[in-house]
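Architecture and fold: a report
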Amino acid sequence: MFKLLKYLKGYIPQSIIAPLFKFLEASFELAVPIVMANIIDIGVKNRDEGYVYKMGLVLVILGILGLAAAITAQYFAAKSALGFGTALRKDFYRHLNTLSHAEIDKIGTPTMITRVTNDINQAQTGVNMFLRLFLRSPFIVIGSIVMCLTVSPSLTLIFGIAAPVIGLIIYLIMTNTIPKYKKIQSRLDRVSLLTRENLSGVRVIRAFARQNNEKEDFDEETGELLKAQVRVGRISALLNPLTFAVVNVAIAAILWFGGESVDSGAITQGELIALVNYMNQILLALIVVANLIIILTKASASASRINDIFAITPSVTDEGNVYVEAVNGAPAVEFGNVVFAYHKDKPSLENITLTVGRGETVGVVGGTGSGKSTLVNLIPRFYDITEGGLKIDGVDVKKYPLSQLREKIGIVPQRALLFKGTIRSNMLWGNKNASDYEIWFALETAQAAEFVRKLSDGLDSVVEQGGRNFSGGQRQRLTIARALVMKPDIIILDDSSSALDFATDAALRTALKRDLSGSTVFIVSQRASSVKHADKIIVLDDGHAAGIGSHGELFENCQVYREICLSQMSQQEAEK
Amino acid sequence: MADRKKSYSKDTLKRILIFTKPHLHYLVLAAFFSVINVALTLYIPILIGDAVDCAIEAGRVDFKAMLPILIKLVISAAAGAGASWLMNLCTNKITYLTVRDIRRTAFGKLLTVPLSYMDSHPHGDLISRMITDTDQISDGLLMGFTQLFTGIVTILGTLFFMLSINVWITLIVVLITPLSFFVASFVAKHSFDMFRKQSETRGKMTSLVEEMIGGQHLVKAFSHEGEAEAEFGAINEDLRQYSIKAIFFSSLTNPSTRFVNGLIYAGVGVFGAINVLSPSGAITVGQLSCFLTYANQYTKPFNEISGVITELQSAIASAKRVFDVIDAEAEETDARNARVLLPENVDGRVDIKDVSFSYSPERLLIENLSLAVKKGQRIAIVGPTGCGKTTLINLLMRFYDVNSGEIRVSGTPVREITRNSLRGSYGMVLQETWLKSGTVFENIAYGMPEATEEEVINAAKAAHAHSFIKRLPDGYNTKISDDETNISQGQKQLLCIARVMLCLPPMLILDEATSSIDTMTEIRIQKAFAKMMKGRTSFIVAHRLSTIKEADCILVMESGHIIEMGSHEELIEKGGFYANLYNSQFKVT
């Protein structure tokens, strides 16, 4: 938590003023029982009505001052907590953006989302509450005890016993229940999992007529959840009654021993009442402290989750790189004995050597997990190669500023993802300054122009989140167009025609050939027919290049390639 | 409009109460303990006041009278604490039992609703109804009820005790209290608007973050970081503006009510003291101290109640969402005279006669489809993704019912067969593999939980899954889950095949995977498919030309319609859509 406090930097005065005014408020509040004691001891005893009214006015003034102090404190607390949260959120998101693919994969999308939204909110609430309450409550406890000391040092001993006992009760109950609440959460996650499974697997469940068994499972899980909830409830329900009982026993003790003090003339009746009031105030303050501790525990858990992410440094950086010129006449992409491993000792790609000339089309085929996507992801430096060399236009990829490198490369990922906005706003991802003509040209090549033209709003048609208002095939074509708008030197199609029917797929390949004659094209595919006509095909098998060559050559000589072809088409078709 | 809203709130409330009915005894007990607790809690200040009156000044302390008062005080405190604990236990029980029952009922409904319901409701939404909304009911409504009840009892009790001591001072308390309401409603009005804006902005931020981080690879690929940060920054700034106001305004509640409390305290103090002074000696100093305590306590339940009411409103909204699920119409039950179709009576004939079907009235999907499938025939369904190939599966399995026409299995109309036995006579392997979280063994035995180990292993062997299962860390006892990646997509598919292999029904529905399967597994899957299909009537959603060509009949679908039908040779000869599709694959570019 403390590491994050640097985000309070711009709000130092506010973060000091807030607790200070809280402190003032508490002081005013602490004065109230003493004033009341005076009303009784002086006003009532001396039968001085004027004094009583005067003191009543003092009470009202104390109230107003307290209110003013509190409002000031709350305002500055809110201001600094939000300043903290906003700065943290901004910096956190910027940090996420510096991370490279390896780290993003490791953290996972859902985690990153909850960190940005939930965890930062939690930390923000923690700061807010801390500024508001953390000084106030202990101050009231200590202040009450000090006030009691001025009234009667000997009776204060009762406070000295009762306050720690209450503190201990709160502590024990909390340490006992917090881990149990975590268990309840995981039970609830199970219930949620069962629900999700039953929604996603409804067809299978009904096909096997297993509804009753599913119901039994669910009933059992909810039964377990109930048991866990009741068990924790039993303990946490003790908190209020126990503290209530302790406080009242303490009050009984104050009255008894206080009675002795009154008898001996050490304190007055009014002071006795004041002592009782202070006892009640301590109780309230300690309960607030308990709630605050819960909030702070959550906040510090969130803070450590946030810090975990901050601690991750990007593995791919372009620090110190400046614009580089392409080497004249160099091949577009050159893999030299490349080894790549996501995890140590387990290379995903081994000894890949491949030279691709400008304007060539390269097919990348192989089974799942054979390293196809990995291979093309190395080109825009999403990951850094472990060994060997990778050059683009004759220059080592590590020498480029990342933005220069990535502007050369248009990538169409496996998952056809569009962003909320319009078709135009999605196309502008490729090139902020693209004209409508350029966009239409790209759509035309990507075989998307026809259906976009049919939309009543054309380029301004709304795209919902993820592009879910378009079919899988339409989305794929739009993502292809998005990459084409960049007019990239290298275009990578990572299994991005899987949702297209054969006819559209073929038309797309023809158009790419026609419109992108200068660009180097990588086509990753499971379909032999998609790569069949490439200038060069690289066949991957478990991270190794099982063969590099044209369709004809490979079909003759490469066993793996032959198998892939024959599993998808007849011999005669493959030989065509 | 407002009336209607009120009446549905009332109806929703009533329905929640119906769910609490089986646990009514806890409710009665809770009320009982609550009354005891409140009575004792309120009795204690009186005792304290009495004790204070025993200690007037030096030399005038009546210890003899004080002792029994203090004993009563300790006993009351202990008993009050006990009652409060028991009350909490009872309310916990009702709350959690009711929520459990509501969840179970809703889940039970999910098992009986027609598939169209699941297909048309986002799953995330249904899950959040089952989990978050039901929790909201427990937090808001049931906990709220007890607070409401305790609050009202406390207010009435305090009034009663105060009146029994002194009417005039009570009047002061009652008169100043409404101030706290004004303050609270002023605060609520101002903070509500800001809270709404805050949560709207927060929603905007969440969806931006979800979108950008979900597509982080793309953000990097297109060097879009700067734009994304700018957009994020703008929303972040808005959020700050609204949040400061929302948090500030809402944080005024406590100091303001403390202020009102302070006023009441001062009022009671002054007028109490004057009353003590009055010649008639209307009250004693001890009673004054008792009043001061009441004055502190009196406003608390009011604040709690106003909090409870907001919670109640959101709980009712949540309850409404859960009841929407519970009220969903269940699948039409099997006809009364429906037959159970035994596997040995299935001869493999499927007759589709003049079937028309649509998901929505505007778009007719299948029109007058007729097809007579003989025993052992293979029907391939072909067409681009999204053309509605799964619709046919939905109709065969009776996940959806036809709008007109009829489907017969072994000569019997499907409407006259129980759904379970109809579905049981098909073995289904979908491209979207679904496995339950559990062990490999449990998953294979899903359709036949009583299967022996040997049977399961045989099924796995037949599905060519045995060898990879053996290599898993715990073999057949390896735990798997739907979204974990400890096994590959292809292996999942093999497990799904093994699952069907174990029961091996007389007819099959298969869905070939388009992609994402490695060559070796692919070959295994094809072998397993071939083994299953031998002698069985099969419907295959096909992507592979080899499968398509070997089919007895090919149904070619495009945008929901069956546009061509016939064998490979017939269709090629026809030179239509299929021929075009077939040729395009080999078109030289």
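Residues numbered from 1 in each chain as written. Chains lettered and ligands numbered in written order. Predicted model: local features only at pLDDT ≥ 70, side-chain atom pairs only at ≥ 80, totals over all residues.

1. Remarks on the overall build of chain B
As a reminder of what qualifies: Only DSSP runs of H or I with at least four residues qualify as helices, and only runs of E with at least two residues qualify as strands; both kinds are numbered from the N terminus onward. Computation of the radius of gyration draws on C-alpha atoms, with the globule rule given as 2.2 Å multiplied by the number of residues to the power 0.38. The burial criterion counts other C-beta atoms lying within 10 Å of a residue's C-beta, which is placed from the backbone; the residue is buried at 20 or more, exposed at 12 or fewer, and partly exposed between these limits.
The secondary structure content of chain B amounts to 20 helices and 14 strands. For a compact globule of 589 residues, the expected C-alpha radius of gyration is about 25 Å, and chain B comes in at 36 Å, more than 25% above that figure. With the C-alpha coordinates of chain B rotated into their principal frame, the extents come out at 120 × 55 × 55 Å. Taking all 589 residues of chain B together, 45% fall into the buried category.

2. Some words on the overall build of chain A
Spelled out, the test is: Here, residues touch in the contact sense if the C-beta positions derived from the backbone fall within 7 Å of one another.
Across its full length, chain A carries 21 helices and 12 strands. In terms of overall dimensions, chain A is more spread out than a globule: its C-alpha atoms have a radius of gyration of 36 Å, far above the 25 Å expected for 576 residues. The principal-axis extent of the C-alpha atoms belonging to chain A is close to 115 × 60 × 55 Å. Across chain A, contacts joining residues at least 24 apart in sequence account for 78% of those joining residues at least 6 apart.

3. Re the domain arrangement of chain A
All names here are of chain A. What counts is decided by this rule: For the purposes of this description, domain bounds are those given by an automatic or database domain assignment. Residue polarity is assigned by list, with Asp, Glu, Lys and Arg as charged and Ala, Val, Leu, Ile, Met, Phe, Trp, Tyr, Cys and Pro as nonpolar; anything else, Gly included, falls into the polar class.
Domain assignment breaks chain A into domain 1 (1-139 + 290-315) and domain 2 (333-575). Between the C-alpha centres of domain 1 and domain 2 there is a distance of 52 Å. Split into classes, the residues belonging to the side of domain 1 that touches domain 2 amount to 1 nonpolar, 3 polar and no charged.

4. A closer look at the sheet that holds strand 6 (residues 404-409) of chain B
All names here are of chain B. Condition: We call two strands paired when DSSP finds no fewer than two bridges between them.
In spatial order, the strands read 4-3-6-7; together these 4 strands make up an open sheet with antiparallel pairing. The outermost strands of the open sheet, each flanked by one partner alone, are strand 4 (366-373) and strand 7 (412-413). Summarising the sheet, strand 6 and strand 7 pair through 2 bridges and their orientation is antiparallel. Looking across to strand 7, one finds that Arg408 is bridged to Pro413.

5. Brief notes about helix 11 (residues 389-396) of chain B
Every α-helix carries 3.6 residues per turn, so stepping three or four residues along brings you back to the same face. Residues and elements named next belong to chain B. For helix 11, the buried fraction is high: 6 of the 8 residues fall into the buried class. Residues of helix 11 that are buried: Lys389, Thr391, Leu392, Ile393, Leu395 and Leu396. Count one or two residues on from helix 11 and you reach Arg398, which has phi positive near 60 degrees.

6. Some details on the interface of chain A and chain B
Counting residues at the interface gives 134 residues for chain A and 131 residues for chain B. With 23 residues, helix 2 (residues 49-98) of chain A is the single largest residue contributor to the side of chain A that touches chain B.

7. Regarding the domain arrangement of chain B
Domain annotation of chain B identifies domain 1 (1-165 + 303-330), domain 2 (167-282), domain 3 (338-425 + 507-514 + 537-589) and domain 4 (432-504). The straight-line distance from the C-alpha centre of domain 2 of chain B to that of domain 3 of chain B is 61 Å.

8. Quick notes on the environment of Ala31(A)
Checked against the element boundaries, Ala31(A) lands in helix 1 (residues 12-44). Spatially, the C-alpha atom of Ala31(A) lies 9.7 Å from that of Gly143(A), the residues being 112 residues apart in sequence.

9. Focus on the sheet that holds strand 1 (residues 333-340) of chain A
Residue and element names in this part refer to chain A. What the 4 strands build is an open sheet, ordered 2-1-4-5; its pairing is antiparallel. Two strands close off the open sheet at either side, each with one partner strand: strand 2 (349-356) and strand 5 (395-396). Pairing of strand 4 (residues 387-392) with strand 5, which is carried by 2 bridges, proceeds in the antiparallel orientation. Opposite Lys391, over in strand 5, you have Asp396 as the bridge partner.

10. Quick notes on the pairing of strand 13 (residues 553-558) of chain B
Residues and elements named next belong to chain B. Relative to strand 13, strand 5 (residues 378-382) is paired through 4 bridges, and the arrangement is parallel. Its bridge partner lying in strand 13, Ile381 is registered against Leu555. Here strand 13 runs beside strand 14 (residues 561-566); their pairing, made up of 5 bridges, is antiparallel. Paired with Ile554 across the two strands is Gly566, which belongs to strand 14.

11. Quick look at the confidence of the model for chain A
Applied cut-off: The predictor reports its confidence for every residue as pLDDT, a score running from 0 up to 100.
Within chain A, residue pLDDT values average 86, and 97% of them lie at 70 or more. When the elements of chain A are averaged for pLDDT, helix 21 (residues 571-575) of chain A gives the smallest value, 69, and helix 14 (residues 436-445) of chain A the largest, 93.

12. With respect to the pairing of strand 10 (residues 520-524) of chain A
Residues in a regular strand point their side chains to alternate faces of the sheet. Residues and elements named next belong to chain A. By the criterion of burial, strand 10 is predominantly enclosed, with 5 of the 5 residues buried. Of the two faces of strand 10, the one lined by Thr520, Phe522 and Val524 and the one lined by Val521 and Ile523 are each fully buried. Bridging between strand 3 (residues 361-366) and strand 10 involves 4 bridges; their strand directions are parallel. Within strand 10, the residue paired with Thr361 across the bridge is Val521. Two elements, strand 9 (residues 490-494) and strand 10, share 5 bridges in a ladder whose sense is parallel. If you follow Ile491 over to strand 10, its bridge partner there is Val521.

13. Some details on unusual backbone geometry
Across residues other than glycine, the phi torsion is negative in most instances, and most of the peptide bonds are trans. All names here are of chain B. Positive phi, close to 45 degrees, is recorded for Ser223, a residue that is not glycine. Positive phi, normally seen in glycine, also occurs at Arg398, with a value near 60 degrees. Relative to the elements of secondary structure, Arg398 occurs in the loop between helix 11 and strand 6. Residue classification places Arg398 among the buried residues on the basis of 21 C-beta atoms within 10 Å.

14. Examining the confidence of the model for chain B
Summary statistics for chain B give a mean pLDDT of 83 and a share of 93% for residues scoring 70 or more. For this predicted complex, the interface confidence score (ipTM) comes to 0.81, while the overall pTM stands at 0.74.

15. Focus on the environment of Phe257(A)
Here Phe257(A) lies in helix 9 (residues 239-264). Dropping the residues within four chain positions of it, Phe257(A) is found in contact with Leu155(A) and Ile158(A).

16. Considerations on the environment of Ala449(A)
Residue and element names in this part refer to chain A. Along the chain, Ala449 falls in helix 15 (residues 449-454). Judged by the 17 C-beta atoms lying within 10 Å of it, Ala449 falls in the partly exposed class. Sequence separation of Ala449 and Leu478 is 29 residues, and the distance between their C-alpha atoms is 9.1 Å. Every residue in contact with Ala449, bar those within four places of it in the chain, is listed here: Trp440, Leu443 and Glu444.

17. Considerations on the packing of helix 1 of chain A against helix 9 (residues 253-277) of chain B
What counts is decided by this rule: In this analysis, axes come from line fits to C-alpha atoms, helices being fitted only over the stretch in contact, and the angle between any two N-to-C directions falls in the range 0 to 180 degrees. Here is the rule for angles: anything less than 35 degrees is roughly parallel, anything more than 145 is roughly antiparallel, 65 through 115 is roughly perpendicular, and the remaining ranges are oblique. Crossings are sorted by hand: turned counterclockwise from the far helix by less than a right angle, the near helix makes the crossing left-handed, and turned clockwise it makes it right-handed.
Closest axis-to-axis distance for the helix 1 of chain A/helix 9 of chain B pair is 10 Å, and the angle between their directions is 15 degrees. When the axes of helix 1 of chain A and helix 9 of chain B are compared, the pair comes out roughly parallel. The two elements helix 1 of chain A and helix 9 of chain B meet at a crossing, and its hand is right-handed. Here helix 1 of chain A contributes Val32(A), Met36(A), Ile39(A), Ile40(A), Gly43(A) and Val44(A) to the contact with helix 9 of chain B, which in turn contributes Tyr265(B), Gly269(B), Ala273(B), Val276(B) and Leu277(B). Split by residue class, the contact of helix 1 of chain A with helix 9 of chain B holds 9 nonpolar, 2 polar and no charged.

18. Topic: the packing of helix 5 (residues 136-151) of chain A against helix 10 (residues 269-310) of chain A
Between two packed helices, both the angle of their axes relative to each other and the distance between the axes serve to describe the pair. Residues and elements named next belong to chain A. Across the interface, helix 5 lies against helix 10 with an axial gap of 8 Å and an inter-helix angle of 160 degrees. By the angle between their directions, the pair helix 5 and helix 10 is classed as roughly antiparallel. Considering the relative orientation of helix 5 and helix 10, their crossing is left-handed. Residues Ser137, Pro138, Ile140, Val141, Ser144, Met147, Cys148 and Val151 of helix 5 form the contact with helix 10, whose participating residues are Glu271, Ala274, Leu275, Tyr278, Gln281, Ile282, Ala285, Leu286, Val288, Val289 and Leu292. Considered class by class, the residues forming the contact of helix 5 with helix 10 number 15 nonpolar, 3 polar and 1 charged.

19. Examining helix 4 (residues 109-134) of chain A
The test is simple: Working rule for helices: expected span equals 1.5 Å times residues minus one. The quantity called bend is, for any residue, the angle between two axes fitted respectively to the seven residues ending at it and the seven beginning at it.
Helix length check: helix 4 of chain A (26 residues) gives 35 Å between terminal C-alpha atoms against 38 Å at 1.5 Å per residue, within 8%. Along its length, helix 4 of chain A reaches its greatest deviation from straightness, about 40 degrees, at Arg115(A).

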